[in-house]
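Structural overview
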Amino acid sequence: MRWIFLLIFIISFSTSAQSIVDELDSGGFGGGGTTFNAAEMSTEKIEKISASGRVLILTNNSGGYGKGDFISIVLDDKLVNRSIVAKTSNGSGGIKIVKIYNPEINKLLRPGMEVKVIRGDDSYFLNRKKAAENPEEVAIIQDEEGLFDESTLLEDDLSLEENTNRKIKNDNLVSIFLSQVEGVDANRDSKRYSQVSGAWAYQLDDNIWGEASYGQTTITDFPGDQIDTTFTSLTLKVKYTVEAPFYSFIQPYAGYQIINADSPEAGTGDIDPTQAEDELALIETLKKSGPVFGVTILKRLVPGWFARIDVGSDALNFGFSLEF
């Protein structure tokens, strides 16, 4: 009796597996024979299309996708293109096309048109045999190198407002750098001190940035032997961005810098009053504040990252910046 039940189980499993394979081969899961289940897709409307046709602004009323997601557009039950979401804001999303499945339909996309959107994996929508036989399939990004191609990812404006005036599209720049800040040594001679510094800049208006930076270091044997002094600088700047060749940007700036020095041990201990006064006077010599001027140069390395140089009356800086 057990052998009979086992035989029935094997036959029924084989029949079920065969039906699934048959359905896949015939396109039953979106491969070509039947349409994709619309319930698994959201319906959105195209709001704007860039001049190149590679950047689209879609509604995101369903909240079905977010920044960094890969999505695919479907029109008339046909897969049109594959995109990455660059930005979402106020019920809309800016997307960058990375692959075109159907060039003819892709050319027909217009503002106001409703489309279906698939978030994430769309491989189940494709029929491999059909894709291999379609010579018109065009890949804008074909390999890893294409991800860092400035012409592919950086030419078009990705902001939802389609603001083409901004040289740097994102609003935030965070930086870390090594600063050379002017000071004096124990003999009151001019000397530059190295500080590890960080900065945050925000784009207040098109190409106008406000930046705050802070740096700190410890000066040993100042103002006397075996005495340490904490040397800090706080700088506030206003910058204007100008585009330069080789994916570079120049930012002339004006601002205000406050340099401070603190040494609790200065002027204390078993020393004569004259030496104590000299040590305290040296600490005060380091302290200063006033307006500063200079220029920042940013050189794009890969999307999002810059090498940074600052040359100004406040400091000489070398480091890196990240935009977001």
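Conventions we followed
- Residues numbered from 1 in each chain as written.
- Predicted model: local features only at pLDDT ≥ 70, side-chain atom pairs only at ≥ 80, totals over all residues.
- Heavy atoms only, no water.
- Helix = DSSP H or I, 4+ residues; strand = E, 2+ residues; numbered from the N terminus.
- Buried < 20%, exposed > 50% of the residue type's maximum accessible area, 1.4 Å probe, protein only.
- Areas by Shrake-Rupley, 256 points an atom, 1.4 Å probe, with all protein chains shown as cover.
- Salt bridge = Lys/Arg side-chain N within 4 Å of Asp/Glu carboxyl O.
- pLDDT = per-residue confidence, 0-100.
- Contact = heavy atoms within 4.5 Å.
- Phe/Tyr/Trp six-rings, centres within 6.5 Å; stacked < 30°, edge-to-face > 60°.
- Lys NZ or Arg CZ within 6 Å of the ring centre and 35° of its normal.
- Pairing = 2+ DSSP bridges.
- Core = buried A, V, L, I, M, F, W, Y, C linked by side-chain atoms within 4.5 Å.
- Expected span 1.5 Å × (residues − 1).
- Arc of directions from axis to C-beta.

This paragraph deals with the overall build of the protein chain. A count of helical and extended segments in the protein chain gives 5 helices and 16 strands. With 324 residues in all, the protein chain has 40% of them scored as buried. Summed over its atoms, the accessible surface of the protein chain is roughly 18,300 Å², and 57% of this surface lies on carbon and sulfur atoms.

Another aspect to go through is the pattern of salt bridges. Applying the stated criterion across every chain, the model contains 12 salt bridges. The salt bridge partner of Asp 171 is Arg 166, with a shortest N-O separation of 2.3 Å. For Arg 166, a relative accessible area of 16% puts it in the buried group. Salt bridges here are not isolated pairs; linked through shared partners, they connect Glu 211, Lys 237, Lys 239, Arg 308, Asp 310 and Asp 314.

One can find Gly 63 in the loop between β2 (55-59) and β3 (70-75). Taking the C-alpha atoms as reference, Gly 63 lies 7.4 Å from Gly 91; in sequence the two are 28 residues apart.

With 74% of its residues at a pLDDT of 70 or more, the protein chain shows a mean pLDDT of 79. Per-residue pLDDT stays below 50 along residues 1-39; that stretch engages in 24 contacts with residues further than four places along the chain or on separate chains. Throughout residues 142-160 the model reports pLDDT below 50, and contacts reaching past four residues in sequence, or to other chains, amount to 47 contacts.

Counted by the stated rule, this structure contains 3 aromatic pairs. The interplanar angle of 75° and the centroid separation of 6.0 Å between the aromatic rings of Phe 249 and Phe 306 together place this pair among those described as edge-to-face. With Phe 249 in strand β13 (residues 248-262) and Phe 306 in strand β15 (residues 305-312), this residue pair connects regions lying 57 residues apart in the sequence. Judged by relative accessible area, Phe 249 falls into the buried class, the value being 4%. One residue, Lys 237, lies across the ring of Tyr 253, its end atom 4.1 Å from the ring centre.

Looking at chain direction, β13 and strand β14 (residues 288-302) are connected through 12 bridges and run antiparallel. Among the inter-strand pairings, Phe 249 is bridged to a residue of β14, identified as Leu 298. Alignment of β14 against β15, held across 8 bridges, turns out to be antiparallel. Residue Gly 294 lies in a different strand from β15, and its bridge partner there is Gly 312. Between β14 and β15, which follow one another and run antiparallel, lie 2 residues, and Gly 304 among them has a positive phi close to 100°.

Looking now at the nonpolar core. In a soluble, globular protein the nonpolar side chains are often hidden away together inside. One finds Leu 56, Leu 58, Ile 71, Ile 73, Ile 95, Leu 109 and Val 115 to be the most contacted residues of the largest nonpolar core, which totals 16 residues. Contributions of two or more residues to this core are made by β2, β3, β4 (78-89), β5 (92-100) and β6 (114-119). If sequence neighbours within four positions are ignored, Leu 58 has contacts with Lys 45, Ile 46, Glu 47, Tyr 65, Ile 71, Ile 73, Gly 91, Ser 92, Gly 93, Ile 95, Val 115 and Val 117. Ranked by size, the runner-up nonpolar core spans 13 residues in total, among them Val 184, Phe 231, Ala 266 and Leu 286.

Compared with the 20 Å implied by 1.5 Å per residue over 14 residues, the 21 Å span of helix α5 (residues 273-286) between its first and last C-alpha is a close match. Regarding α5, the residues found buried are Ala 276, Glu 279, Leu 282, Ile 283 and Leu 286. Seen end-on, α5 carries its buried residues on one side only, within an arc spanning 120°. Exposed residues lying more than 90 degrees from the buried face of α5 are Pro 273, Thr 274 and Glu 277. Looking at the buried side of α5, the elements it contacts are β8 (172-184), β9 (190-205), β10 (208-219), β11 (229-240), β13 and β14.

Among the structural elements, Ser 248 can be located in strand β13. Contact partners of Ser 248, with chain neighbours within four places excluded, come to Val 242, Glu 243, Leu 298 and Lys 299.

Cis rather than trans, the peptide bond between Phe 222 and Pro 223 has omega equal to 5°. Here Pro 223 shows up in the loop between β10 and β11. Its identity is not glycine, yet Phe 246 carries a phi of approximately 60°, on the positive side. Its location among the elements puts Phe 246 in the loop between β12 (242-244) and β13.

In this section: the pairing of β2. Along β2, 5 of the 5 residues are buried, which leaves the element largely enclosed by surrounding structure. Burial along β2 is two-sided: Val 55, Ile 57 and Thr 59 and Leu 56 and Leu 58, pointing in opposite directions, are all buried. Note that strand β1 (residues 42-49) and β2 share 3 bridges and pair antiparallel. Bridge assignment links Ile 46 to a residue of β2, and that residue is Leu 58. The antiparallel hairpin formed by β1 and β2 contains 5 residues in its connecting segment, where Gly 53 sits at a positive phi of about 80°. With 5 bridges connecting them, β2 and β5 associate as antiparallel partners. Each residue of the ladder has a partner; that of Ile 57, found in β5, is Gly 94.

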